[in-house]
Amino acid sequence: MALSMRVPSYQVHRNPQRCIDCQVCVRQCTYGVHAWDEDFQAVVADDAKCVNCHRCVVFCPTGALAVTPAPHTFVPNANWRSDDLREVYLQAETGGTLLVGMGNDRPYKIFWDHLLLNASQVTNPSIDPLREPVEVKTLLGRKPDALHLSGGGLQEPLPPELELEVPIMFSAMSFGSVSLNTQKSLARAAVEEGTYWNCGEGGLHPDVLPYAHRAIVQVASGRFGVSVDYLNAGAAVEIKIGQGAKPGIGGHLPGEKVGDEVSRTRMIPLGSDAISPAPHHDIYSIEDLRQLINSLKEATQHRKPVGVKIAAVHNVAAIASGSVRAGADFLVIDGFRGGTGAAPLRIRDNVGIPIELALAAVDSRLREEGIRNHASLVVSGGIRNSADVIKAIALGADAVNIATAALIALGCHMCQMCYRGRCTWGIATTDAALTKRVNPDIGARRAANLLRAWKHEIKEMLGGMGINAIESLRGNRLALRGIGLSERELRILGVSAAGE
Amino acid sequence: MSSKRVVWNEEACIGCRLCQVHCVTAHSRFPGDVLKAFKLDPQRPVPRLVVEETGPLSFALSCRQCEEPECVKSCLTGALGIDRQTGTVKVEEARCIGCWTCVVACPYGAIRAGAGDHPVASKCDLCGETRSVPACVEFCPNEALRVEERGV
Amino acid sequence: MRYVIIGNSTAAIAAVEGIRRVDAQGAITLVADEAYPTYSRPLISYYLEGRVAEEDMGYRPPDFYARQGVQVRLGVRAARVEASSRRVVLEDGDELEYDRLLIATGSRPLALPVPGLERPGVFYFNRFDDVRALARVAAPRRKAAVVGAGLTGVKAAEALARVGVHVTLVDLAPYPLSAVLDPAGGEMVRRRLETAGITLRMGCALEEFVGDSRTAQVFPGEWQDLKEKYRRCLVGQHRLTGVRLQDGSSLQVDFAVVAAGVVPNVEVAEGTGVEIHRGILVNERMETSVEGIYAAGDVAEGWDLVRKERRVIATLPNAYRQGEIAGVNMAGGNLAFAGGVAMNSVNVCGLHVASAGLSNAEGPELEVMVAGDPPRWRYRRITLREGRLAGFACIGNVGRAGILTALIRAEVDVRPFQLRLLDEGFGLADLPEPVRRKWDWERGERSWASR
Ligand SMILES: Cc1cc2nc3c(=O)[nH]c(=O)nc-3n(C[C@H](O)[C@H](O)[C@H](O)COP(=O)(O)OP(=O)(O)OC[C@H]3O[C@@H](n4cnc5c(N)ncnc54)[C@H](O)[C@@H]3O)c2cc1C
Ligand code: SF4
């Protein structure tokens with residue numbers, strides 16, 4: 001075999017004064033970095049294999065380990081960065097498409113960080129959420145244009161709605177892309193905190209059925225696991241058209257990951273590749289989408305909201321408008337920083353637009369067309385903290401979806417190796433031994449803690465603005481000011497510049 | 001009388017063996033300091049629990065504190081007995097001669113040969129009175145171990 | 001209820017504990033010819049070495065009898081039992097009435113049919129008194145022959161060697177521990193003993209204990225008169241000069257230890273109608289053929305789970321199990337013993353040797369597997385019969401061998417994982433899932449059987 005020309009990206013440092021040869025690192029590393037060497041009678045490391053996942057660092061009982069960037073350096077070159085070289089070396093070796101996990105990590109502008117929130121001073125008193133109630137309950141679904149009353153009640157029943165105790169849901173993550181324990185953790189946290197989780201396109205495993213009443217079930221281009229029972233088990237149905245990390249691209253769960261459980265849940269043969277086609281083969285127009293929406297509503301006796309998830313692409317506003325007109329009760333718009341279990345690197349890093357801009361554009365468009373009340377707007381793709389959430393709501397979102405943040409809560413250290421199925425944190429894997437690394441008791445507790453913490457912070461920020469219900473902030477772009485943004489960006493976002 | 005023991009959840013055990021590291025530490029001359037226990041204790045004890053692993057299955061097994069312990073009945077010297085206060089199976093180390101009859105009697109393989117010049121039988125003592133929670137339970141990173149209380 | 005127990009060792013003590021599990025009140029009287037509070041018999045070699053002091057020999061703490069409410073008559077022999085009137089007649093003429101009687105008289109060393117056995121200077125290695133006497137003649141650079149390279153003989157040889165005695169171990173068998181080990185295992189033990197400075201004369205029968213003319217006088221030689229014999233040796237009245245072996249060679253020795261096996265002390269039961277074979281025959285409840293009379297321990301011939309026949313299993317764990325079951329049943333409880341498994345673990349000069357069941361047997365119906373590295377003190381031998389584990393020997397590393405012992409008792413089909421049995425890392429995780437799930441021994445075989 002010819003010499004590989006790649007160089008290690010990371011270096012593992014083991015402090016021999018602290019290493020006790022317990023080999024916990026050896027057992028924790030799934031990439032074969034650490035090994036016990038019989039001749040040296042010591043633990044040794046193969047830096048080249050390290051993905052910088054921190055599992056060993058966190059588990060080492062004596063703090064003997066650290067991982068740093070490899071000390072060697074490429075000749076500095078503003079054009080040819082080290083990553084560019086590494087990628088060429090790898091492709092020259094393999095001849096394959098570069099795959100990657102998690103979301104776009106390129107240094108594109110993060111608009112959240114260029115938006116500032118307002119606060120009350122003197123003329124409008126702020127509210128202390130510890131003393132006064134601040135309402136963050138959120139309802140998702142179609143709102144009627146007008147209410148017709150008769151005999152002290154509504155003439156027609158309200159369309160079905162989802163009731164969220166906090167305007168944050170967990171994004172779609174299928175069993176297969178993530179471990180069952182990961183799904184269980186998020187499902188339990190969603191139930192505990194009164195919000196929703198999303199089973200993704202992988203069907204519903206029997207173990208998560210107890211949490212199905214808080215699940216949004218997906219219908220994607222592969223139609224995995226879809227049946228009438230499945231549709232009716234969930235709280236809402238979501239048609240997945242696209243995903244922010246890989247717009248225009250389908251899904252591919254390699255056959256190795258399709259074990260017993262995955263095969264049964266997805267209703268596909270054991271060991272077969274689970275391929276979600278790039279398009280839905282029955283959707284070539286808004287009219288086709290309307291048909292599917294209607295069929296799903298029929299299948300669920302119009303008792304469940306049916307939504308559509310699309311990736312934030314250039315003409316997102318028009319597509320959103322069409323989807324709402326096709327009957328979607330809610331829209332999920334996934335920005336280009338959205339995470340994934342596996343995506344082609346070039347697509348992930350170069351396709352789509354930021355969620356902030358997409359959200360502003362969609363919200364404005366639906367308002368202009370007078371159909372904003374026909375569907376709720378959920379955004380995802382790079383929501384990192386409660387400030388991002390509240391800014392999204394001020395920009396016009398009804399709620400947000402989080403995936404990456406939820407996985408980080410479960411232990412993910414963003415090594416981006418999800419596609420390899422060897423996730424050391426037991427998250428992006430279906431390996432039975434690795435799956436156990438997420439204990440659903442702990443996972444549920446941590447994910448619920450995150451939701452609660454963000455809820456507290458959201459209430460604090462709302463109170464600071466003198467707002468006692470999140471409803472009053474929704475689409476209120478006056479609560480935002482831009483900083484370091486161009487005139488054009490400010491216009492698209494619909495916000496004034498700081499100081500204005 | 002009620003008795004306690006450590007029980008495992010094999011769904012959560014990830015086979016990392018940190019329980020063993022902390023068991024050794026808790027029974028060393030430097031309880032509470034992993035580094036010193038491993039670097040400075042010349043008579044570093046052996047772990048009192050066994051981590052078993054095949055394929056995805058793993059669990060950390062320690063003394064079941066049996067109601068009718070084979071080890072106690074088999075002990076050649078009477079060094080093993082059931083503690084009248086706590087109901088747990090206890091080794092009186094001074095009286096143990098290291099014959100390992102108990103090792104050959106325990107159906108769980110939960111008694112091990114100890115370390116040192118005059119090795120004695122080594123088994124889970126629930127960290128005795130020195131800790132409120134056994135070290136393995138406290139330090140299991142995945143909460144796969146817990147203390148179970150049984151009425152006897 | 002009045003309980004009388006003859007014996008004060010493992011089986012007797014276990015019976016007391018068994019009775020008290022059921023009956024806290026009943027009057028227990030325990031009688032034994034040895035004058036010491038219960039002590040651990042295996043500790044006698046450690047006492048001889050000087051590793052264990054007399055006060056640390058106890059099998060139970062000194063307050064055991066008081067705590068358990070037991071009347072003790074130590075240092076007096078039970079002469080006979082009158083079953084019809086339910087009385088035990090003691091040697092001193094006293095009589096003890098019983099409702100339930102346990103015979104736990106254990107075993108005594110086999111008296112080798114060799115001339116000169118009676119000579120002072122020939123010791124046994126069975127009782128505390130034996131080693132108390134031995135301790136006074138065992139001195140550095142003295143020479144001794146140990147006759148019998150079984151477990152007791154080997155421990156005796158080791159203890160003597162540790163105090164500096166030049167020991168020659170003699171046995172007709174080709175290698176030591178031949179009752180439990182195969183040749184390869186026995187060879188390891190031989191090497192280990194030689195490393196410890198012990199000379200081995202294997203495959204060699206003893207012809208005679210030789211003394212000088214003054215000692216030619218024949219001594220009654222009955223085991224109960226040992227004290228007198230030992231006394232004479234110690235006061236220097238008589239001298240052993242050597243032993244003569246079958247091949248015509250002679251060894252010059254200052255004293256000798258005979259450890260050629262044990263025979264059950266059944267005499268006390270004679271004439272009662274209790275059925276006696278080699279030992280006293282007992283059923284699974286430890287009842288003898290006479291109502292109200294039980295037997296347990298080395299004196300009893302109970303069911304052997306592995307050999308599927310009644311047999312004397314002269315090991316301490318078996319004595320405890322039988323004694324405890326006898327006690328519970330005597331007090332009105334109802335426990336059955338599935339059977340004993342001959343099981344041993346011994347430290348031979350730092351080499352650990354464990355065995356259970358058919359540990360060295362061969363035969364057409366047996367499948368034998370071995371693994372290890374004898375030169376590096378590692379050996380494992382597994383015996384299977386009809387797909388079940390029937391025995392094992394582990395040398396060097398005995399870690400977790402208890403799982404193997406339990407597998408013998410469990411009688412489960414081990415074929416699906418039989419090769420793993422040879423692995424030192426063999427554990428519960430290697431058991432098939434259904435077996436592992438029901439692997440419950442917290443209440444002994446009863447929990448296993450109830451699953
Ligand atoms: C040196 C040595 C080492 C050993 N090592 C081991 C070992 O490593 N592992 C193992 O499993 N086993 C070992 N054994 C065997 C073990 O000690 C016996 O199996 C066990 O002691 C049997 O207990 P028992 O209660 O049946 O009888 P014994 O221990 O033989 O006790 C018999 C009791 O009965 C009393 N007695 C006898 N006759 C009468 C009578 N007529 N009247 C009154 N009292 C009487 C005696 O005083 C004694 O108290 C060893 C034995 C020896 C001698
Ligand atoms: S090793 Fe110690 S505790 Fe175990 S049986 Fe022997 S003497 Fe008893």
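Everything numeric in this text was worked out from a predicted model, so none of it was measured.

S.K.: Sorry if this is basic, but what is going on with helix α1 (residues 10-22) of chain C here?
M.R.: Structurally, the α-helix is built with 3.6 residues per turn, so residues lying three or four positions apart point the same way. Residue and element names in this part refer to chain C. A rise of 1.5 Å per residue sets the reference length of α1, with its 13 residues, at 18 Å; its end C-alpha atoms lie 19 Å apart and thus fit the reference within 8%. Within α1, eleven of the 13 residues are buried, which leaves the element mostly enclosed by the surrounding structure. Residues of α1 that are buried include every one of Thr 10, Ala 11, Ala 12, Ile 13, Ala 14, Ala 15, Val 16, Glu 17, Gly 18, Ile 19 and Arg 20, and no others. Taken together, the buried residues of α1 touch β1 (2-6), β2 (27-32), α3 (64-68), β3 (70-74), β7 (100-103) and α8 (316-330).

S.K.: Honestly, the arrangement of the chains in this entry has me stumped. Any pointers?
M.R.: Take the two pairs of chains in contact: the one carrying the most contacts is chains B and C. Left apart from each other, chain A and chain C have a closest C-alpha approach of 14 Å.

S.K.: What is the right way to read the state of the cysteines from this model?
M.R.: Note: disulfide means a covalent bond formed between the sulfur atoms of two cysteine side chains. Scanning the model with the defined rule gives zero disulfides over all chains in all. With no disulfide of its own, Cys 423 of chain A has Cys 415 of chain A as its nearest cysteine by sulfur position, at a separation of 6.4 Å.

S.K.: Would you take a moment to explain the domain arrangement of chain C for this structure?
M.R.: Interfaces are frequently sized by the accessible area removed from exposure as the parts join. All names here are of chain C. In terms of domain boundaries, chain C breaks down into domain 1 (2-108 + 262-330), domain 2 (122-258) and domain 3 (350-448). One C-alpha centre belongs to domain 1, the other to domain 3, and the line joining them spans 31 Å. Taken together, the six residues of domain 1 in the interface contact nine residues of domain 3. Of all residues in domain 1, the largest losses of buried area upon contact with domain 3 belong to Leu 305, Val 306 and Arg 321, amounting jointly to 71% of the total for that side. Taken together, the connections running from domain 1 to domain 3 amount to two salt bridges. Salt-bridge contacts for Arg 321 lead to Glu 445; the nearest nitrogen and oxygen are separated by 3.2 Å. Between domain 1 and domain 3 we count three residue pairs in polar contact (both at pLDDT 80 or more) in total.

S.K.: Is there a simple way to explain the pairing of strand β22 (residues 343-348) of chain C in this structure?
M.R.: Consecutive residues of a regular strand have side chains that alternate between opposite faces of the sheet. Residues and elements named next belong to chain C. Of all six residues in β22, five are buried; the element is thus mostly enclosed. Relative to strand β23 (residues 351-357), β22 runs antiparallel, the two sharing six bridges. Pairing of Met 343 across the sheet is with Ala 356, part of β23. Hairpin connection, β22 to β23: the antiparallel pair is bridged by two residues, and Cys 349 has positive phi, about 50 degrees.

S.K.: Hey, could you run me through the environment of Gly 121 of chain C in this one?
M.R.: Residues and elements named next belong to chain C. You can see Gly 121 is positioned in the loop between β8 (107-109) and β9 (122-124). Looking at Gly 121, the relative accessible area reads 2%, which means it is buried. Remark: the alpha-carbon pair of Gly 121 and Arg 232, spanning 111 residues in sequence, is separated by 8.7 Å.

S.K.: Looking at this model, I keep getting lost on the interface of chain B and chain C. Mind explaining?
M.R.: Of the residues lining the interface, 36 residues belong to chain B; the matching set on chain C comes to 44 residues. Summing both partners gives a buried area of about 3,300 Å² for chain B against chain C, and 51% of it is carried by carbon and sulfur. For the pair chain B and chain C, the number of links is 25 residue pairs in polar contact (both at pLDDT 80 or more). Mapped by element, the contributors of at least two residues to the side of chain B that touches chain C are β2 (50-54), β3 (57-61), α3 (70-74) and α4 (101-105) of chain B.

S.K.: Which parts of the structure should I look at to understand the packing of aromatic side chains?
M.R.: When we look at a pair of aromatic rings, we describe it by the centre distance and by the angle of the planes. By the definition in use, this model includes twelve aromatic pairs over all chains. Pairing Tyr 36 of chain C with Phe 128 of chain C gives two aromatic rings, centres 4.8 Å apart and planes at 65 degrees, and the pair type is edge-to-face. Of this pair, Tyr 36 of chain C sits in the loop between β2 and α2 (44-49) while Phe 128 of chain C sits in helix α4 (residues 128-137), and the two are 92 residues apart along the sequence. Like Phe 128 of chain C, Tyr 36 of chain C is buried. On the numbers, 5.5 Å between centres and 80 degrees between planes, the contact of Phe 64 of chain C with Tyr 65 of chain C is edge-to-face. This pair shows no difference in class: Phe 64 of chain C is buried, exactly as Tyr 65 of chain C is. A connected cluster of aromatic rings, assembled from ring pairs, spans Tyr 36, Tyr 39, Tyr 47 and Phe 128 of chain C. Over the ring of Trp 425 of chain A we find Arg 55 of chain A, and its NZ or CZ is 4.7 Å from the ring centre. When the ring centre of Tyr 59 of chain C is taken as origin, the NZ or CZ atom of Arg 60 of chain C, which lies over that ring, is 4.3 Å away.

What counts, and where the lines are drawn
Residues numbered from 1 in each chain as written. Chains lettered and ligands numbered in written order. Predicted model: local features only at pLDDT ≥ 70, side-chain atom pairs only at ≥ 80, totals over all residues. Heavy atoms only, no water. Helix = DSSP H or I, 4+ residues; strand = E, 2+ residues; numbered from the N terminus. Expected span 1.5 Å × (residues − 1). Buried < 20%, exposed > 50% of the residue type's maximum accessible area, 1.4 Å probe, protein only. Contact = heavy atoms within 4.5 Å. Disulfide = S-S within 2.5 Å. Domains from an automatic or database assignment. Buried area = accessible area lost by both parts, 1.4 Å probe. Salt bridge = Lys/Arg side-chain N within 4 Å of Asp/Glu carboxyl O. Polar contact = N/O pair within 3.5 Å; in protein donor to acceptor, adjacent residues only side chain to side chain. Pairing = 2+ DSSP bridges. Phe/Tyr/Trp six-rings, centres within 6.5 Å; stacked < 30°, edge-to-face > 60°. Lys NZ or Arg CZ within 6 Å of the ring centre and 35° of its normal.

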